[in-house]
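Architecture and fold: a report
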Amino acid sequence: MEKPFAITLDPGSSLANHTGSWRTSRPVYLDRLPPCNKQCPAGEDIQGWLFHAESGDYESAWRHLTKDNPFPAIMGRVCYHTCEGACNRGQLDAPVGINSVEHFLGDEALKQGWKLTPPASESGKHVLVVGAGPSGMSAAYHLRRFGHSVTLYEAGPLLGGMMRFGIPKYRLPRDILEAEMQRVVDLGVTVKLNSKVDNILKTMEEGKFDAAFLAVGAHIGKRAMIPAGDAAKIIDAISLLRSMEGEDKPLLGRRVVVYGGGNTAIDVARTAKRMGAEPLIVYRRTRDKMPAHDFELEEALQEGIMVKWLSTIKQAHESSLTIEKMALDSKGFPQPTGEFETIEADSLVLALGQDVDLGLLEGVPGLKVTDGVVEVGPNMMTGYAGIFAGGDMVPAERNVTVGIGHGKQAARHIDGWLRGEQYLPPVQREVATFDKLNTWYYADAPKTVRPMLDIIRRQSTFDEVQGALDESNALFEARRCLSCGNCFECDNCYGVCPDNAVIKLGPGNRFQFNYDYCKGCGMCVAECPCGAIKMEAEEI
Amino acid sequence: MSFQPVHFYQTGTFTVGNRLLAQEERSVQANMERTNSLNSGHRACQGCGEALGARYAIDAAMKAASGRLIAANATGCLEVFSTPYPETSWQIPWIHSLFGNTAAVATGIAAAIKVKRHKGQMGDVRVVAQGGDGGTTDIGFGCLSGMFERNDDVLYICYDNGGYMNTGVQRSSATPPAARTATTMPVGPEPGNAFGQGKFVPAIAMAHEIPYVATATVADLRDLEYKVTKAMGMRGARYIHILVPCPLGWGAASEDTIKLARLAKETGIFPVFEAEGGELTSSLKIRRQQPVEEYLKLQKRYAHLFGKTPAVATIARLQAAADKNIRKYGLLDQEAN
């Protein structure tokens, strides 16, 4: 080729110059574990379903959510959402209202009639589930998804367990509960109501079950040794809450004293208030030592419920109680002071915790029972091969979400066990802590708070106290998610690379590094909002 | 407002892209089809702010001009690292000039295009001139002022990294006070570059009352693209001054380039604004104000301020200069205070 004066070479592209050879460390994409997901007792992929909700694709969000937990509408009302306590956004302004978005998705699914995904094929195995509470229903759902036949025995007349007999209507309306229970039954679960299992081995043998999951809950109210006159009316909290579900509402009188400091004590007091009584909670320690969640206490106080702190009940009479004042010692334990007083009371409700009825396990070899609950291994299996257990009857924190998590874990291990394998949980990813984020990039946005029912209706009716977000503010709330540790395709790495060494693969496909040209400056890592890239030393 | 206020979408317009935004609201850089005017394989240092700023600006200009653009480039880092004979990283028509005459070369190209269009020999092609702060504020300043004064139809973009970096970090008239360079060593009673010297060319450009003057940083992509696009929509002499941190000359970690640009804006050290016909029309507000130390201490060129006894008085003077910028250019949102 003829070249101009003083030109000896053809023009070339700088692409010939592989600047990747300068690099001493390389950026790599990774998915870190968001703190909300890590915290969730039911193992929900919260960041994952919020990602779909952010784009307004609520059905995908719901489907993603229900892979782990089939009860979002219930969760959105009764879950204690410890995820929000772990949320990184809490360090920025206020945590994402995960629970309120879940509430919205759950209600949206019921409104739209979305159905759970049935199993692709049947395994031919048959699993017995005992107890239709959160844990048992969760296990039934996950076992069905694995293709196993499930027969569910429930001692009571209705599905739901503690969700029905322990949680009052004003927190969980019964139509919501029933709809979410029915959706699981619709996957093909055989339900036997009013069928108490008295001998698990016998029932398993008769029904030719390959495995069993027990989740009978803790339904026996603990009694305290309180000397009481014949006429004193004493009832336990769980019996009271259960009788609320029947035709005959309990007669409590006007002055109802609730003894205990847990969430159940609060539920009972709020229930009594709604029945027209004047409840008083008596608790032996102080507010900061109370096991009940503070928001529940706060709601109760708003409704006009009184609490007598640092007090124990010494004696019950026909229309009064003798109370002894307590004082905290240096270790924070309440000690009697010898100071007594008398308060008027038409009835006394004991909310002192619950015990498990382990009658069905009598004669089963290999079991270990400690403190009234059944020991299980990390695979949720009891000491007897093939019998798994979860929920309130095993040693764990007792709440709905934990129970649902147990049901899922147990179902996975039962599935592995039935196939003669061992289910291996995935290796836990490193956590996307706050210091991994570059929060500059997130828009400032205050939390959207769900509406609360007005106080008069809260004091006199069983209407649901906490309202729901509507579509627009649920979307807003979902979009407050920082997507910690997981790429949400913000294009920052693609944009900020001075060497044009990030390849954008298109919507949904994320990005890829072009290591031929990446010089390893680390700018993509520093400017990634959500901490989904890290630098690794180059092997030299 | 130079900053597009958009409905709340998780990261709004802070990030380069946003999957939740409508296609037409997205940035040029988020586009898979962007020009990549300055392609891979260039020899800029790791984390080069100028390489980044140049791609941001020229890609936006290419989009605004529908790909019909010629760039004239002054001598400097940008020219040296992008075009070692016979390679080029430029994927646009690009012409190299001397250190001092880029504005004049661009003027000539614009004049030639005008004649050719007049004769019906070609359609519209736009002209951009670009250079570093040395080629703009020192060596090329005479030609630049002439281009402004004649109101030639050229967009001049200055990438300001505050010194002659590729020749070994010498002082330019854009080097900030107290900064160490090879020619302003941190010795004597007033270590580093002297106070009270240097010049701020955006203000001088405004004094020429040209149609459009703007400043930007590599930390605010959307603002930068908005300004380039707006400038390309106008005729006559236009000037955009972009702050581009230099890891080498500033003594900063390569991953901190954007962080430093952001801190320069958030502290008020570098005012981000736009002006039309010599009048200030808007400024990019400080979002999370920071003291100047946060900006200074990340850079080794200011290390002498943070010795055993911190140079409190010098830092206070730099803070005062930042505060003056905040007042002068209205960098704080009055409603928020």
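As the structure is a computational prediction, the values presented were derived from the model and not from experiment.

**Considerations on the overall build of chain B**
- A count of helices and strands for chain B gives eleven helices and nine strands.
- Its C-alpha atoms give chain B a radius of gyration of 19 Å, within 12% of the compact-globule value 20 Å for 337 residues.
- Of all 337 residues assigned to chain B, the portion counted as buried reaches 56%.
- Taking contacts inside chain B between residues at least 6 apart in sequence as the whole, the part at least 24 apart equals 68%.

**Overview of the overall build of chain A**
- Helix and strand counts for chain A stand at 18 helices and 22 strands.
- Once the C-alpha set of chain A is aligned to its principal axes, its extents read approximately 120 × 55 × 50 Å.
- Looking at chain A as a whole, 48% of its 540 residues qualify as buried.
- Pairs at least 24 residues apart make up 71% of the contacts formed inside chain A by residues separated by at least 6 positions.

**Description of the domain arrangement of chain A**
- Taken domain by domain, chain A comprises domain 1 (18-31 + 487-537), domain 2 (36-114 + 440-476), domain 3 (126-219 + 356-418) and domain 4 (221-354).
- Centre-to-centre separation of domain 1 of chain A and domain 4 of chain A, based on C-alpha positions: 60 Å.

**Focus on the packing of helix α12 (residues 263-274) of chain A against helix α13 (residues 294-302) of chain A**
Residues and elements named next belong to chain A.
- At a minimum axis separation of 10 Å, α12 and α13 run at an interaxial angle of 20°. One way to sum up the angle between α12 and α13 is to call them roughly parallel. Handedness of the crossing formed by α12 with α13: left-handed. The segment α12 lies against α13, with N263, I266, A269 and R270 engaging E296, L297 and A300.

**Section: the environment of B:I240**
Residues and elements named next belong to chain B.
- Mapping I240 onto the fold places it in strand β7 (residues 238-243).
- Note on I240: 26 C-beta atoms within 10 Å, which makes it buried.
- For the pair I240 and A216, spaced 24 residues apart in the sequence, the C-alpha separation amounts to 7.4 Å.
- Apart from the residues lying within four places of it in its own chain, the contact partners of I240 are L155, I157, A214, A216, K227, V228 and A231.

**Quick look at the interface of chain B and chain A**
- Tallying the contact residues gives 41 residues for chain B and 45 residues for chain A.
- When contributions to the side of chain B that touches chain A are tallied by element, the ones reaching two or more residues are α1 (49-64), β2 (87-88) and α9 (257-267) of chain B.
- Partitioning the side of chain B that touches chain A into residue classes produces 15 nonpolar, 18 polar and eight charged.
- Summarising the sheet, strand β1 (residues 12-13) of chain A and β2(B) pair through two bridges and their orientation is parallel. By the bridge assignment, A:G12 is partnered in β2(B) with B:E87.

**Thoughts on the UniProt feature "domain: Thiamine pyrophosphate enzyme TPP-binding" (unreviewed entry) in chain B**
- Per the UniProt record, "domain: Thiamine pyrophosphate enzyme TPP-binding" (unreviewed entry) is found at residues 75-242 of chain B.
- For residues 75-242 of chain B, helix accounts for 35% and strand for 17%, while the C-alpha atoms at its two ends are 17 Å apart.

**Remarks on the pairing of β7(B)**
All names here are of chain B.
- Summarising burial for β7: six of the six residues are buried, a large majority.
- Burial of β7 is two-sided: the residues R238, I240 and I242 facing one way and the residues Y239, H241 and L243 facing the other way are all buried.
- Bridge count for strand β5 (residues 155-160) against β7 is six bridges, and the pairing is parallel. For C158, the partnering residue across the bridge sits in β7 and is H241.
- Sheet topology note: the strand β6 (residues 212-217)/β7 ladder contains six bridges and is parallel. Its bridge partner being in β7, T217 is matched across the sheet by L243.

**Brief notes about the nonpolar core**
- Counting residues in hydrophobic clusters, the biggest one holds 242 residues, and the most contacted among them are A:A212, B:A61 and B:I242.
- Examining the composition of this core, we find that nine residues originate from one element, α1(B), more than from any other.
- Once you skip the residues sitting within four places of it in the chain, B:I242 turns out to touch B:G53, B:A57, B:I157, B:C158, B:Y159, B:D160, B:A216, B:T217, B:V218 and B:L224.

**Here we look at the sheet that holds strand β4 (residues 149-153) of chain A**
Residue and element names in this part refer to chain A.
- Ordered in space as β5-β4-β3-β6-β19, the five strands form an open sheet in which the pairing is parallel. The open sheet has two edge strands, β5 (189-192) and β19 (387-389), and neither has a second partner. Strand-to-strand twist of the sheet, defined as the mean angle between neighbouring strand axes without regard to direction, takes the value 20°.
- Here three bridges tie strand β6 (residues 211-214) to β19, and the two strands are oriented parallel to one another. Along β19, the bridge assignment pairs F213 with F388.
- Against the sheet, helix α14 (residues 400-418) touches β3 (126-130), β6 and β19, its axis set at about 165° to β6.

**Observations regarding the environment of A:G403**
Residue and element names in this part refer to chain A.
- In this structure, G403 sits in helix α14.
- Spatially, the C-alpha atoms of G403 and G262 are 18 Å apart, while their sequence positions differ by 141 residues.
- Once residues lying within four places of it in the same chain are set aside, the contact partners of G403 are G133, P134, S135, S138, A215, G390, G391 and D392.

Here is what the cut-offs are and how they apply
Residues numbered from 1 in each chain as written. Chains lettered and ligands numbered in written order. Predicted model: local features only at pLDDT ≥ 70, side-chain atom pairs only at ≥ 80, totals over all residues. Helix = DSSP H or I, 4+ residues; strand = E, 2+ residues; numbered from the N terminus. Rg over C-alpha atoms; globule rule 2.2 N^0.38 Å. Buried ≥ 20, exposed ≤ 12 C-beta atoms within 10 Å, placed from the backbone. Contact = placed C-beta atoms within 7 Å. Domains from an automatic or database assignment. Axes fitted to C-alpha atoms, helices over the stretch in contact; angles between N-to-C directions. Parallel < 35°, antiparallel > 145°, perpendicular 65-115°, else oblique. Left-handed = near helix turned anticlockwise from the far one by under 90°. Nonpolar A, V, L, I, M, F, W, Y, C, P; charged D, E, K, R; others polar. Pairing = 2+ DSSP bridges. UniProt positions renumbered as here; feature names shortened; annotations may be inferred. Core = buried A, V, L, I, M, F, W, Y, C linked by C-beta atoms within 7 Å.

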